[in-house]
Structures are given as C-alpha cells and as structure tokens.
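A closer look at the structure
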Amino acid sequence: MKILLLGSGAREHALARALASDPATTELVVAPGNPGTASIATNFAVNPCSSAEVVDLATQMGADLVVVGPEAPLVAGVGDAVREAGFACFGPGVEAARLEGSKAFAKEVMAAAGVPTAQAVTCATPEELAAALDRFGAPHVVKDDGLAAGKGVVVTSDRQAALAHGLACLAKEGGRVLVEDYLDGPEISLFCVCDGATVRPLAPAQDFKRLSDGDAGPNTGGMGSYTPLTWAPADIAEQVVDHIAQPVIDEMARRGTAFIGLLYCGLALTRDGLRVVEFNVRFGDPETQVVLARLTSSLPELLHAAATGRLAQVPEPTWSTDSAVDVVLAAPGYPAAAATGGVITGLSQAEAVEGVHILHAGTALDDDGALISAGGRVLSVVAVGPTVQAARERAYEAVGRIHLDGAQYRTDIAAGR
Ligand code: GLY
C-alpha cells in the first residue's frame, strides 16, 4: 500500500512509525514531515493545506491511501478534494470537520444525537457574554467557537480573565464564543476510527494540557500522556461508542455528511457519568504517541478499511499489555513565544534506554547538519514498560540524557497512575 501522510508533528512521526513498520505499507511519503519522519519515510515539501498540491502529490505517487494528520487541512477541504480526485482518504470532509471547527456546531449535533455534554450558550455580543458568565458562575469555562490552535479554551474563577478571553474571541471576524458549565472529573481521550457508519475505538489515554507540574501554568498543545488508564471503568470504550461516538456518527450520516476519519472524544468522567468536553476530528497529540506505542495490529489496514467503508469487515485493533508514557520536551518560552534554533544533543543516548523511542516535532537540521529546535513542542520522549510506573521511569531517564538549552518539561507526567 502506498501511503501519503500529511503533517509534521510528533503525532505524525508516531503515525509514520506505525505505518512504516507494517508489511502492508510498500511506500510512505510524509508531507511536509520533519527530520524524524525523514529517517523512516520520504519527506515532501508540500503545503498540507493546499488541496491542489496534495492531490498532485497523491497522483504523482499513485497513493492508495491519504492520511490527514492535523485539523487545518481538513477544515480547509483537503479531505474532500482528495476523495473527489479518486483517492481513499482517512480524514473527514469540511462539513464533518465542523465537529472540531465549530464548538457551537458540535453542541448542536450532540443535542440532536442525545449525547451528554455540558450545558452551553453561544454568545455573539459582549452583552450576551457578560450575561452568560453571570448565569453559569465560576469556575468559568469560555471557549472560542472556532479553531484556535489549542488556545481557544479558558477555565478560570477570575471573571475578569474569563471576560477578557471571551471578548478577544468575539473580536475576531465573525467571532462567537461559548460559555458553558464546568465539568468536574478526570479527563479521558478516546479515539474512534470511523468509516461513516461503523466505529472502532482505540485504547483510552490521558493527556496533560498545562505547561507546569501540578496542572499549573498556561494551556499548551499537550505536555505528556499515558495509557492505559487503569483507574477508568473497564468498559469505558464500549460506553463511549454506545452513548457518544455511534450516535454522533449516525447523526452525521443522517445529515448526509458521513464522518470518515478519527473522531477524538475528549471526555470528563463526572459524578453524573461521562460527558463530552470536546470533539476533534483527527488523532490527538500527544495521546497518539502512547496509543500507537501499544498497537499490535495493522494501522495501515485499519485506516484503509475506514477510508474505503469496510471497517465492519476487519478485526478489532489489538493491544500489547505494556503501558506507555510520553514526556514532551518544549522550547524555552513555549507556549507564549518559543525560542528556536537551540542545538539538541543526546538523542542516541536517550534511545539507548530500554523501551524508549524519540519522536520529532519542532526540529530541523541546520546548515551543518546539527539537530536544532524549530518549534514550540520539540520532541516526544516515549517509553513503554510493563507498568505505567516502569514506563514513566524509563521516559524520565531518557529525558535526562537529552540536552536543549532552556528546555521545558513536566516532571509529573503519569505520576501516581
Ligand atoms: N491532546 C489534545 C489535542 O490533541 O487536541
């Protein structure tokens, strides 16, 4: 199978690693990729949000499958363009991608499908925003309706801060903002592979969104993750499929906008049961890094089956009994203003730790071929082990062997799990 994978983060490096290592894959091209994907696939300098460039590349290589990593190409319509050009595509079209692209749309679909989520109001004016903050009270949950690169959600007891964030969202062209009930309880990420009708859940995982230990500091794209969740109900995946993912997929099909791709269910396990915090329409980062570290069945066959409407005909994914932990190494200044260009050393020493592999995100090679930082989140240090605790110790042993001046990482990823 010839596969074209779009994206350039550690999530895509994790996907590339799982795709490249499977005998079903005969050729793997990553566009644009990063120095990590270059070592296991062919990188192509193509803009993943340009439908024309992506279709050209898929045509040139005779792709059997196009896998879209990030949300931006999906919201830009690349999934539709690729399918219209006759290629199998793992990733929803524009209309279905609105489940991530508009929080208000996601709420509307959930209401129609009877899916449990926080009560919310959508505000289009400062007056509506102020009234909603007063109505729901603290802690305030204020969400940008549109995509905001991980910076769209503010949860705070400070009404002024909540108002300021809401006003900043409203100030954008066509800006709308959601104010909603606070959901109390541990969060779970469950990825569901969908072919428009059938849903196959992957292994549940948890990520750590805040920059600093103890869930302090600003929100980030994600500073670490782990799986399995030994504390979660054993039937969590079935519950999510039955009460959330399948009803949403059925509702999207009923609307004539079938969802083909990855429905990321971001959930809170509240005292009243499971509630949806958010949907994304692509693999999560950094959860993908740990989920795929435990996958023992074929990823290319699973994604191809989804892209071609044959998910019900392939076996359920299978998992190793290992645990996996990912510690993200970020650049100094991240997330406000990441400093780039720092030299990174120690990767081979880190990968010498048993069970460890390193995934690249914001990295580049300088003119002398040295590895340097080139983005906010720089590396994902992934370790597998017989328990979460063992995997965590290995991950931190490896992190300690990597050097990047001023690098930031949390020291409490998967602690006590
Ligand atoms: N881990 C959060 C996300 O991928 O959006």
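Residues numbered from 1 in each chain as written. Predicted model: local features only at pLDDT ≥ 70, side-chain atom pairs only at ≥ 80, totals over all residues. Heavy atoms only, no water.

Section: the site of the ligand
- Around the ligand, a shell composed of Asp207, Tyr264, Asn280, Arg282, Gly284, Asp285, Pro286 and Glu287 is seen.
- In this structure, aspartate 285 approaches the ligand through a main-chain N or O atom, which is 3.0 Å from an oxygen atom.
- At 2.8 Å, a side-chain N or O of glutamate 287 approaches a nitrogen atom of the ligand.
- For the ligand, the protein covers 86% of the area, taking 190 Å² as the surface of the free molecule.
- Residue composition of the shell around the ligand, grouped by class: 2 nonpolar, 2 polar and 4 charged. (Near = heavy atom within 4 Å. Polar contact = N/O pair within 3.5 Å; in protein donor to acceptor, adjacent residues only side chain to side chain. Areas by Shrake-Rupley, 256 points an atom, 1.4 Å probe, with all protein chains shown as cover. Nonpolar A, V, L, I, M, F, W, Y, C, P; charged D, E, K, R; others polar.)

Remarks on the side chain of threonine 257
- For threonine 257, the position within the fold is in the loop between helix H10 (236-254) and strand S16 (260-270).
- On the accessibility criterion, threonine 257 (18% relative accessible area) is buried. (Helix = DSSP H or I, 4+ residues; strand = E, 2+ residues; numbered from the N terminus. Buried < 20%, exposed > 50% of the residue type's maximum accessible area, 1.4 Å probe, protein only.)

Examining the sheet that holds strand S18 (residues 323-330)
- Pairing is antiparallel in the open sheet, where 5 strands are placed in the order S12-S15-S18-S22-S19. In this open sheet, the two strands that pair with only one neighbour each are strand S12 (206-207) and strand S19 (356-360).
- By the bridge criterion, 8 bridges tie S18 to strand S22 (residues 377-385) in an arrangement that is antiparallel. When the sheet's bridge partners are listed, valine 327 is paired in S22 with valine 381.
- Sheet contacts for helix H14 (residues 388-399): strand S15 (224-227), S18, S19 and S22; angle to S18, the most-contacted strand, approximately 30 degrees. (Pairing = 2+ DSSP bridges. Contact = heavy atoms within 4.5 Å. Axes fitted to C-alpha atoms, helices over the stretch in contact; angles between N-to-C directions.)

A word on the pattern of salt bridges
- For the coordinates displayed, the defined rule picks out 21 salt bridges.
- Between glutamate 71 and arginine 282 there is a salt bridge, with the nearest N and O atoms lying 3.2 Å from each other. Within this pair, whereas glutamate 71 is found in helix H4 (residues 71-75), its partner arginine 282 is found in the loop between strand S17 (273-280) and helix H11 (287-291), the two being separated by 211 residues in sequence.
- For glutamate 71, a relative accessible area of 18% corresponds to the buried category.
- With a closest N to O distance of 3.3 Å, aspartate 145 and arginine 176 form a salt bridge. Remark: arginine 176 occurs in the loop between helix H9 (159-170) and strand S9 (177-180) and aspartate 145 occurs in the loop between strand S7 (140-144) and strand S8 (153-156); sequence separation between them is 31 residues.
- Taking relative accessible area as the criterion, aspartate 145 reaches 10% and is therefore assigned buried. (Salt bridge = Lys/Arg side-chain N within 4 Å of Asp/Glu carboxyl O.)

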